[in-house]
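A closer look at the structure
One letter stands for each residue in the lines below.
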Amino acid sequence: DVEVPLTARFSVGGALRYEDFSSFGSSLNGKLSARLELTPWLALRGAWSNGFRAPTPGQSYATQITQGLDTVSLQVFNSGRLSPQDPIAIALGAKPLKPEASDSLSLGLAWQAPSGLFGSLDLYRIALSDRFSTSQSFVVPATAPNPLHYTSVNYFTNDFDTTTEGADLVFGYQHALGRGRVGATLAYNYNRTQVDNGSTAVAANPT
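What counts and how
- Residues numbered from 1 in each chain as written.
- Predicted model: local features only at pLDDT ≥ 70, side-chain atom pairs only at ≥ 80, totals over all residues.
- Heavy atoms only, no water.
- Helix = DSSP H or I, 4+ residues; strand = E, 2+ residues; numbered from the N terminus.
- Rg over C-alpha atoms; globule rule 2.2 N^0.38 Å.
- Phe/Tyr/Trp six-rings, centres within 6.5 Å; stacked < 30°, edge-to-face > 60°.
- Buried < 20%, exposed > 50% of the residue type's maximum accessible area, 1.4 Å probe, protein only.
- Pairing = 2+ DSSP bridges.
- Patch = residues over 30% accessible without salt bridge, like charges linked within 9 Å, V, L, I, M, F, W, Y side chains within 5 Å.
- Areas by Shrake-Rupley, 256 points an atom, 1.4 Å probe, with all protein chains shown as cover.
- Salt bridge = Lys/Arg side-chain N within 4 Å of Asp/Glu carboxyl O.
- pLDDT = per-residue confidence, 0-100.
- Core = buried A, V, L, I, M, F, W, Y, C linked by side-chain atoms within 4.5 Å.

To continue, consider the overall build of the chain. For the chain, the count of helices and strands is two helices and 11 strands. When the helices and strands of the chain are listed from N to C terminus, the series reads β-β-β-β-α-β-β-α-β-β-β-β-β. Taking 17 Å as the expected radius of gyration for a compact globule of 207 residues, we find that the chain reaches 25 Å, considerably beyond that expectation. Projected onto its principal axes, the C-alpha coordinates of the chain cover approximately 80 × 40 × 35 Å.

Given below as structure tokens:
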């Protein structure tokens, strides 16, 4: 992680992070940032980064089963969520989970006036791909190897992609008061998430 002042008013930064996981392999992620001081009290800043979120052991391996009694046939049935690596889940289309991936872009202003007023305004866009969700419930075919007599199952999967756009606005004030200081801060956030594609996608409708 390195930050370098190129001039008295302009600095750039960069970071790299490499990790290796036994469950899905390696990941290389980075960040680039820049800051330009427009005036002694006003600065322009921006950043780009990418990242990931690994599936948890519970999402990759855990099984959660509910058992019940069919009041018509008087047969015991099992239903619930299987591990994506279970043979029945694989036969129904399950694949090993991949990490969620993200790309983030932000641009903003930060200010601190001599009067004690300070604040920031940042616009951001975050694109997430391969987000985790549970699949739809599948009826287990009678021809499938099914020693535990599952009737319907689902599993965790990399299901959909989203894009989130938003803004963060912060206003504050600090001033000396006697032997101490008095201050107040007001913060506001707005964001909008759009489901881009996937089995849960709603065409062109934000959530």
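Alright, that's what it looks like, and here's the rest.
Here the focus is the packing of aromatic side chains. Scanning the entire structure with this criterion turns up three aromatic pairs. Look at Phe 138 and Tyr 155: their rings are 5.8 Å apart centre to centre, the planes differ by 5 degrees, and that puts the pair in the stacked class. On the criterion of sequence distance, the pair formed by Phe 138 in strand E9 (residues 138-139) and Tyr 155 in strand E10 (residues 150-177) is long-range, its members being 17 residues apart. A relative accessible area of 5% places Tyr 155 in the buried class.

With phi around 60 degrees, Asp 130 is a residue other than glycine that occupies positive phi space. Residue placement: Asp 130 occurs in strand E8 (residues 117-134). Relative accessible area serves as the criterion here: at 23%, Asp 130 is assigned to the partly exposed category. Its identity is not glycine, yet His 149 carries a phi of approximately 60 degrees, on the positive side. As for its position among the elements, His 149 is in the loop between E9 and E10. Overall, the relative accessible area of 53% leaves His 149 in the exposed class.

Below, the discussion takes up the pairing of strand E6 (residues 76-82). Where strand E5 (residues 64-69) lies against E6, six bridges are found, and the strand directions are antiparallel. Paired with Ile 65 across the strands is Gly 80, a residue of E6. The antiparallel pairing of E5 with E6 creates a hairpin that spans six residues between the two strands, and Leu 74 there sits at a positive phi of about 60 degrees. Sheet topology note: the E6/E10 ladder contains five bridges and is parallel. Within E10, the position partnered with Ser 79 by the bridge is Ser 152.

Quick look at a nonpolar patch on the surface now. A surface patch of nonpolar side chains, amounting to about 370 Å² of accessible area, comprises Leu 36, Leu 38, Leu 44, Leu 107 and Leu 109. Elements represented by at least two residues in the nonpolar patch include exactly strand E3 (25-39) and strand E7 (100-112). Mapped onto the elements of the fold, Leu 107 is located in strand E7.

What follows deals with the confidence of the model for the chain. In this model, the chain carries an average pLDDT of 90, and 96% of its residues clear a pLDDT of 70 or more. E7 holds the highest mean pLDDT among the elements of the chain, 97, whereas E6 holds the lowest, 87.

Residues Leu 82, Ile 88, Ala 89, Leu 92, Ala 94, Val 140, Tyr 150, Val 153 and Tyr 155 constitute the largest nonpolar core, which totals nine residues. Among the secondary structure elements, those contributing two or more residues to this core are helix H2 (87-91) and E10. Broken down by element, this core gets its largest block of residues, three residues, from E10.

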